[in-house]
Amino acid sequence: MKYKQMMYIVVAAVVMQIGIIGCRQKDDRVVTASTAETKKYERTDVAMGTVVSETIYSTGEDITADMITLLSEVENQYMSWRSESSEIAVINDLAGAKDGCKVSAETAGYLSQILEVSAKSDGAFDPTIGYITRLWDIDGEDPYIPRNDELQTLLKQCGYQKVELLGSQVTLESGVSLDLGAAGKGIGCDEVRTRLAEDTKVSGAVISVGGSILVYGEKPDQTPWNVAVTDPRAEDGFLGILTLTGEHYISTSGDYEKYFIEDEKRYHHIIDPQTGAPARSGLISVTVLSQNGLLSDALSTACFVLGAKESISLLAEYKAEAVFVDEDRNVYMTNGMKEVFSLTAKGYQIQEMDW
Ligand code: AMP
Ligand code: MG
């Protein structure tokens, strides 16, 4: 099948503004003395199949390379269905086996949170749509628009209820396959946070793993972190700026990250588990702010599928905030988001939502 236009945007969905933007080359490292003792270490590299940008303030050694190693380990040991040795790949291989398989405490903990978001979002977030995303292969060399009967067949093999987690024992029904792509980068941020907290010399950090960002600690001058949200229709530009103090996790899901256009229709990578096709909730981007990386990532995907209005109760359950952009360039915010987000892009208008 020939496609008239094919575009992949694998660069971070959200980029950080101050301090990061000047060092976005691969393997580019910058060290700046910020104060007498605290050094600012910066690196832009690739891990988890995406661009990772780091700024770390520390009185100790440069640990930016350790974070890349850590993220690659998380990807290869736990998360990736592509990596044969990962726990997710082993779980998938044993789909249909009566006793399933035993996984590490980390994987069990992450799966438990993922299955909870799946249930609370009524399946808008569903980690079992693996075979459907693989059939579309939106980010592959030869993406494919499946026929409806193909989707209907695969939809029968999907459903988070087909995953059973008892302690550290995971059982998948036959024909089911896990894909944790919608939460993996947030999990990466959680793992990085744990590692940063072990290093008492680190006083602050901003780490961006694709569309998921961690802000941690504080800057030496104690000014707030400024995090720019990507303009969904001008990816080199910013929709606006989040001004944050303390620790936060920010994730964006958008229809501009991985997509192709066929017959003037955009086919993107966020699938509505009810139809098996790209979600058409009217949104083009959702950014979620939360106190946990996995949650910010999983919720941004869930909210993209649900649409703005349907997302509110889910966000409230997790005490998360969001900014939504719809296809008419209206921008909607939850109350907490209004306090920290400033719209800067032209051509968008803030609207009050009748929640
Ligand atoms: P994100 O960019 O975090 O929204 O994640 C999108 C990725 O998650 C896709 O590339 C798929 O691998 C996977 N995915 C797509 N739709 C869903 C969904 N409804 N629930 C869970 N994972 C999904
Ligand atoms: Mg996500």
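Now for a quick tour of the structure. (Residues numbered from 1 in each chain as written. Chains lettered and ligands numbered in written order. Predicted model: local features only at pLDDT ≥ 70, side-chain atom pairs only at ≥ 80, totals over all residues. Heavy atoms only, no water.)

**Some thoughts on the nonpolar core**
- Core analysis: the largest hydrophobic core is formed by 65 residues, its most contacted members being Ile-91, Leu-196, Ile-207 and Phe-324.
- Here this core gets eight residues from one element, more than from any other, and that element is helix α7 (residues 293-306).
- Each residue touching Phe-324, except ones within four places of it in the same chain, is listed here: Leu-283, Ser-285, Val-286, Cys-303, Ala-308, Ser-311, Ile-312, Leu-315, Asn-330, Val-331, Tyr-332 and Trp-355. (Core = buried A, V, L, I, M, F, W, Y, C linked by side-chain atoms within 4.5 Å. Buried < 20%, exposed > 50% of the residue type's maximum accessible area, 1.4 Å probe, protein only. Helix = DSSP H or I, 4+ residues; strand = E, 2+ residues; numbered from the N terminus. Contact = heavy atoms within 4.5 Å.)

**Things to note about the side chain of Thr-334**
- For Thr-334, the position within the fold is in the loop between β19 (330-333) and α9 (335-338).
- Here the side chain of Thr-334 touches Glu-321 through a polar contact of 2.5 Å, side chain to side chain.
- The residues contacting Thr-334, other than those within four sequence positions of it, are Ile-312, Leu-315, Glu-321, Ala-322 and Trp-355. (Polar contact = N/O pair within 3.5 Å; in protein donor to acceptor, adjacent residues only side chain to side chain.)

**Description of the sheet that holds strand β6 (residues 163-166)**
- Strand order in the open sheet formed by three strands is β5-β7-β6, and the pairing between neighbours is antiparallel. Either end of the sheet is taken by a strand with one partner, and the two such strands are β5 (101-102) and β6.
- With four bridges connecting them, β6 and strand β7 (residues 169-172) associate as antiparallel partners. Each residue of the ladder has a partner; that of Leu-165, found in β7, is Val-170.
- Docked against the sheet, helix α3 (residues 105-120) engages β6 and β7, running at close to 130° with respect to β6. (Pairing = 2+ DSSP bridges. Axes fitted to C-alpha atoms, helices over the stretch in contact; angles between N-to-C directions.)

**Observations regarding the site of ligand 1**
- In the vicinity of ligand 1 lie 17 residues, with Ala-124, Asp-179, Ser-253, Ile-271 and Thr-301 positioned nearest.
- Within the contact set of ligand 1, a nitrogen atom lies 2.8 Å away from a backbone nitrogen or oxygen of Ile-271.
- Between Asp-297 and ligand 1, the recorded distance is 3.0 Å, taken from a side-chain N or O atom to an oxygen atom.
- Contact with the protein chains hides 90% of the accessible area of ligand 1, taken as 500 Å² for the molecule alone.
- Top contributing element to the shell around ligand 1 by residue count: α7, with three residues.
- Partitioning the shell around ligand 1 into residue classes produces eight nonpolar, five polar and four charged. (Near = heavy atom within 4 Å. Areas by Shrake-Rupley, 256 points an atom, 1.4 Å probe, with all protein chains shown as cover. Nonpolar A, V, L, I, M, F, W, Y, C, P; charged D, E, K, R; others polar.)

**Description of the coordination of the magnesium ion (ligand 2)**
- Looking at the metal site, the magnesium ion (ligand 2) is ligated by Ala-182 (O), Asp-297 (O), Asp-297 (OD) and Thr-301 (OG1), spaced 2.1 to 2.4 Å from it.
- All donor residues of the magnesium ion (ligand 2) come from one chain, and their arrangement in sequence is A-x114-D-x3-T. Here Asp-297 pairs with Thr-301, and both are found in helix α7, just four residues apart, close to one helical turn. Here the two residues Asp-297 and Thr-301 agree in accessibility, since each one is buried. (Donors = N, O, S within 2.8 Å, 3.2 Å for Na, K, Ca; no water.)

**Considering the packing of aromatic side chains**
- According to the stated counting rule, one finds three aromatic pairs in the structure shown.
- An aromatic cluster is present here, built from Trp-136, Phe-260 and Tyr-267 joined pairwise through their rings.
- The lysine or arginine in question, Lys-120, covers the ring of Tyr-318, its NZ or CZ lying 6.0 Å from the ring centre.
- Here Arg-329 stacks its cationic end above the ring of Tyr-348, 5.2 Å away from the centre of that ring. (Phe/Tyr/Trp six-rings, centres within 6.5 Å; stacked < 30°, edge-to-face > 60°. Lys NZ or Arg CZ within 6 Å of the ring centre and 35° of its normal.)

**Section: the environment of Leu-135**
- Along the chain, the position of Leu-135 falls in helix α4 (residues 130-136).
- As a C-alpha pair, Leu-135 and Leu-294 span 159 residues in sequence and 25 Å in three-dimensional space.
- Other than its neighbours up to four places away in sequence, Leu-135 contacts Tyr-144, Pro-146, Glu-150 and Leu-154.

**With respect to the packing of helix α6 (residues 184-198) against α7**
- Contact geometry of α6 with α7 gives a least axis separation of 7 Å together with a crossing angle of 165°. In terms of axis orientation, α6 runs roughly antiparallel to α7. You can see that α6 and α7 cross each other, and the crossing is right-handed. Here α6 contributes Gly-184, Lys-185, Gly-186, Ile-187 and Asp-190 to the contact with α7, which in turn contributes Gly-293, Leu-294 and Asp-297.
- Residues belonging to the contact of α6 with α7 are distributed by class as follows: two nonpolar, three polar and three charged. (Parallel < 35°, antiparallel > 145°, perpendicular 65-115°, else oblique. Left-handed = near helix turned anticlockwise from the far one by under 90°.)

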